[in-house]
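Structure assessment
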Amino acid sequence: MPTQPAVSILMPVFNAADTLPATLRSLRRQQLRDWQLVAVDDGSSDSSLAILTRATGQDPRIDVLCQPHAGISAALNHGLAQCRSCLIARMDADDLSHPQRLARQWRYMRQHPETTVVGCGVRAFPKQMVKPGMARYLRWQNKLHEHEAIVRNMFVESPLVHPSVMFRKLAVTTLGGYRNRPWCEDYDLWLRLAQNQARFARLPKILYFWRESPQRLTRTAAYCSKDAFRACKAHFLAQSPLATFNTITIWGAGPEGKRWARLLLEQGWQICRWLELDPRKIGQRLYGARVEHVEAYEPDGSAVVVAVAAPGARRQIRTFLHQQGLTEGYQFWCVT
Amino acid sequence: MRQFSPFELGKTFMVLPPGETAPETEKQPLWLQSGAFGSGEHETTASCIELMESLPELTGAQVLDLGTGTGILSIAAVYLGAQQIVGVDIEAQAVQAAQTNALNNHCHQRCDMRCGSLEAVPETGFDVVLANIYADILQENVSSLLTRVRSEGILLLSGIPFEDNYDLRQLYTGHGCQLLRNHMLEDFSSILLRAPRQQ
């Protein structure tokens, strides 16, 4: 009967022969040594499987599973079922973990039984490949340490880099594991976990190194596009307390606000007004609702959806709406 | 000017602000005007010093210190027995600080501090190359660095973020270097290599 390791590392692998040796080495360097690696080869056509087979011959902690190419959700569910630990550390086959990553996340989860998912600081590499948008995203998500901050920003962007987290297996299997949807499996998981009162946290230290490459799924797959993310957010907003409102005020009459207006109208909400700072837009009518200056705002019983992308502006709007007596996640939502 | 409290560095050194009297200790005082370029507390500097202390090749060596900064590694190399150092840094302010620090440590005659990139060092045949610098510079300059080190000389590369350690080792060993030590630190890493034998 195999023993239960402290942590099971869940790693889907698809054509990662170039990067796998470095990834495996970063796992062998972990300070926490009591781990099981469940590597799921998702029908690679390169030598990934041969590299994994060799690795498992050298290290009995490595379990290799194979499947015909079925996509990341199927690979993750296949692997999750074989994870023997109640704590799962995600890992991607082209990334690297800091030697203290597993030890620190494991310790945190032991000390915080209420936490379902713990992330860590993430840095993208190689430096020359990291585009400004990616650097901005990582700076933003690396600052979200507390549960409240992570949940508050759930509809802004994905607040956690999936392969950088450690989570409780039971919480994920109870929700049916990963799902195939027209959007990313990880974002879908965070939103379902949040719906089910999961608690999130992040260790501030950089413990995960995310390899930038033009081939990465985040870059290439349609289900990782901005439209797919927006559709996912709208789907989950329709199941949130926003569903108790009939009418919505949209803050921000720019292109992002208009995209959100279309999505919200499709979901059956009515737009009752817009809030904007740009004097050129004040007085216009968009989707049947009037654009008003933000200073004219008074709570009127409608929900407020803030579609403003600049983090500094978002911070100010949050403060303003709190001062108006509105609660985030119940009467107003920040989205992008 | 930012000052600092004296601190021990490696097994050999006690780093002190300029003019401060060395406490009674067996450690070698190393006076450093820290300026904007750190004063050696940084883990990569400490790692370089520890690796240098283990290098018998430093005795009587001709040393190249790429990205010399405050000149701390150049000065330490002199104290550890190096014969002559060429330090180079792209920041004029750093070179000035390095020159002052070499003077304060009475080793300025053995430290030739230059402003510029690797092109400012046309010499070849260095026994030891120290490079505590950005990893992308180490990647881009692999051939240029290898032309400056003598056959089977020593390369001490540091300031390498974790995520670049593996690729950088592959790059240098792919160019015929032999890996002697790989120091994984808290946030960075240092690599000690022996340059390939030249025919």
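Rules used throughout
- Position numbers for residues count from 1 along each chain, tracking the sequence in the order it is written.
- Starting at A for chains and at 1 for ligands, labels are handed out in the order in which the entities are written.
- At least 70 in pLDDT is required for a residue's local features to be given in this predicted model, at least 80 for side-chain atom pairs to be given and counted, and no such filter applies to totals for whole chains, interfaces and linings, which use all residues.
- The side-chain figures draw on all heavy atoms in the structure; neither hydrogens nor water molecules are used.
- We count a stretch as a helix when DSSP gives it H or I for four or more residues in a row; a strand needs E for two or more, and each element gets its number in order from the N terminus.
- Atoms counted for the radius of gyration: C-alpha only. Globule rule: 2.2 Å times residue count to the power 0.38.
- Think of it in three bands: residues with accessible area under 20% of the maximum for their type are buried, residues over 50% are exposed, and the middle band is partly exposed, with areas taken using a 1.4 Å probe on protein chains only.
- In this analysis, two residues are considered to be in contact whenever any of their non-hydrogen atoms come within 4.5 Å of each other.
- All accessible areas in this document rest on Shrake-Rupley with a 1.4 Å probe, and a residue is counted as covered only by the protein chains that are shown.
- Positive charges come from Lys and Arg, negative ones from Asp and Glu, while His and the chain ends are left out of the count.
- All charge positions are set by atom: Lys at NZ, Arg at CZ, Asp at CG, Glu at CD.
- Put simply, a salt bridge is a Lys or Arg side-chain nitrogen that is within 4 Å of an Asp or Glu carboxyl oxygen.
- Note on terminology: a nonpolar core comprises buried Ala, Val, Leu, Ile, Met, Phe, Trp, Tyr and Cys residues joined through side-chain atoms within 4.5 Å.
- Here a polar contact means two N or O atoms within 3.5 Å. Within protein one must be a hydrogen donor candidate and the other an acceptor candidate, and residues neighboring in sequence count only if both atoms are side-chain atoms.
- By this definition, two strands are paired if DSSP reports at least two bridges between them.
- Every axis corresponds to a line fitted to the C-alpha atoms, with the helix fit spanning only the stretch in contact, and the corresponding angles, defined between N-to-C directions, vary from 0 to 180 degrees.
- Throughout, the protein atoms alone are placed on a 1 Å grid, and a set of points is a cavity if a 1.4 Å probe fits but cannot get out or a pocket if it is open with protein on both sides within 12 Å along at least five of seven lines; lining residues have an atom within 4 Å of a point.
- Grid points are joined across faces, edges and corners, and a volume is the space filled by probe spheres set on the points.
- Viewed with both strands pointing away, a crossover whose connecting path from the first strand over the helix to the second turns clockwise is right-handed.

1. Observations regarding the overall build of chain B
Helix and strand counts for chain B come out as 6 helices and 10 strands. Its C-alpha radius of gyration of 16 Å places chain B within 12% of the 16 Å reference for a compact globule of 199 residues. The dimensions of chain B, computed from C-alpha atoms along their principal axes, are 50 × 35 × 30 Å. Looking at the 199 residues of chain B, the share that counts as buried comes to 54%. Within chain B, contacts between residues separated by at least 24 positions form 63% of all contacts whose residues are at least 6 apart in sequence. Of the roughly 8500 Å² of accessible surface on chain B, a fraction of 48% belongs to carbon and sulfur atoms. Side-chain charges of chain B comprise 11 positive and 24 negative groups, with the mean position of each set lying 9 Å from the other.

2. Overview of the overall build of chain A
Summing up its helical and strand segments, chain A has 12 helices and 14 strands in all. In terms of overall size, chain A behaves like a compact globule, its C-alpha atoms giving a radius of gyration of 22 Å where 336 residues would be expected to give roughly 20 Å. By its C-alpha atoms, chain A is 70 × 40 × 35 Å across when sized along the principal axes. With 336 residues in all, chain A has 55% of them scored as buried. Excluding contacts between residues fewer than 6 apart, the proportion of contacts in chain A whose partners are at least 24 apart in sequence is 74%. Accessible surface, chain A: about 14800 Å² in total, of which carbon and sulfur atoms supply 52%. Charge centroids of chain A, computed over 44 positive and 28 negative side chains, lie 5 Å from each other.

3. Looking at the pattern of salt bridges
Evaluated as defined, the whole model comprises 25 salt bridges over all chains. Between Asp167(B) and Arg211(A) there is a salt bridge; the shortest N-O distance is 3.5 Å. With Asp167(B) in helix H6 (residues 162-174) and Arg211(A) in strand E8 (residues 200-211), this pair bridges two chains. In this structure Asp167(B) comes out as partly exposed when scored by relative accessible area, which is 30%. Here Asp112(B) and Arg114(B) are joined by a salt bridge, their closest N and O atoms 2.8 Å apart. Salt bridges sharing common partners tie together Arg104(A), Lys205(A), Glu186(B) and Asp187(B).

4. Comments concerning the nonpolar core
For soluble globular proteins, nonpolar side chains are generally found buried alongside one another. Grouped together as the largest cluster of nonpolar side chains are 112 residues, with contacts concentrated most on Met11(A) and Trp190(A). In terms of nonpolar packing, the next biggest core, distinct from the first, is built from 35 residues, Leu32(B), Ile49(B), Ala77(B) and Cys111(B) among them.

5. Notes on the side chain of His162(A)
All names here are of chain A. Inspection of the secondary structure assignment puts His162 in the loop between helix H6 (147-152) and strand E7 (166-168). For His162, a relative accessible area of 3% gives the class buried. There is a polar contact of 3.3 Å between the side chain of His162 and the side chain of Arg90. Engagement of the side chain of His162 in a polar contact is seen with the side chain of Tyr178, the distance being 2.9 Å.

6. A closer look at the sheet that holds strand E8 (residues 149-161) of chain B
All names here are of chain B. The strand order E6-E5-E4-E7-E8-E10-E9 describes an open sheet built from 7 strands, whose pairing is mixed. On the outer flanks of this sheet lie strand E6 (111-115) and strand E9 (178-184), each paired with one strand and no other. Between one strand axis and the next, the sheet turns through 15° on average, direction left out of account. In terms of strand pairing, strand E5 (residues 84-89) meets E6 through 5 bridges, oriented parallel.

7. So, unusual backbone geometry
Note that the residue after Phe125(A), namely Pro126(A), is joined by a cis bond; omega there is -10°. Along the chain, Pro126(A) turns up in the loop between strand E6 (117-125) and helix H5 (132-142). For Gln197(A), which is not a glycine, the phi torsion comes out positive at approximately 65°. Relative to the assigned elements, Gln197(A) resides in the loop between helix H8 (185-195) and E8. Positive phi, close to 60°, is recorded for Glu152(B), a residue that is not glycine. Along the polypeptide, Glu152(B) turns up in strand E8. Under the relative-accessibility criterion, Glu152(B) is labelled partly exposed at 32%.

8. A look at empty space enclosed by the protein
Scanning the model with the defined rule gives 1 cavity of 30 Å³ or more in all. Roughly 130 Å³ of internal volume is contained in the largest cavity. Taken together, 14 residues line the largest cavity, and the ones lying closest to its centre are Ser26(A), Arg29(A), Leu96(A), Phe162(B) and Met184(B). Looking at the lining of the largest cavity, the elements with two or more residues in it are helix H1 (20-28) and strand E5 (96-97) of chain A together with H6 of chain B. Among the elements that take part in the lining of the largest cavity, H6(B) stands out by supplying 4 residues, more than any other.

9. A closer look at the pairing of E5(B)
All names here are of chain B. In terms of burial, E5 is largely enclosed, as 5 of its 6 residues are buried. The pairing of strand E4 (residues 62-66) with E5 spans 5 bridges and is classified as parallel. Bridged to Leu66 within E5 is Val88. Running through helix H2 (residues 72-79), the crossover from E4 to the neighbouring parallel element E5 is right-handed. For the crossover from E5 across helix H3 (residues 92-104) to E6, the handedness is right-handed.

10. A few points about the sheet that holds strand E9 (residues 247-251) of chain A
Residues and elements named next belong to chain A. Here we have 6 strands laid out as an open sheet, ordered E11-E12-E10-E9-E13-E14, and mixed in their pairing. Looking at which strands have only one partner, the edges of the open sheet turn out to be strand E11 (285-286) and strand E14 (332-334). Two strands pair when backbone bridges link them, and strand E13 (residues 303-306) and E14 are joined in this way by 3 bridges, in the parallel orientation. Bridge assignment links Val304 to a residue of E14, and that residue is Phe332. The strands touched by helix H12 (residues 311-323) are E9, E13 and E14; relative to E14, the strand with the most contacts, the crossing angle is about 175°.

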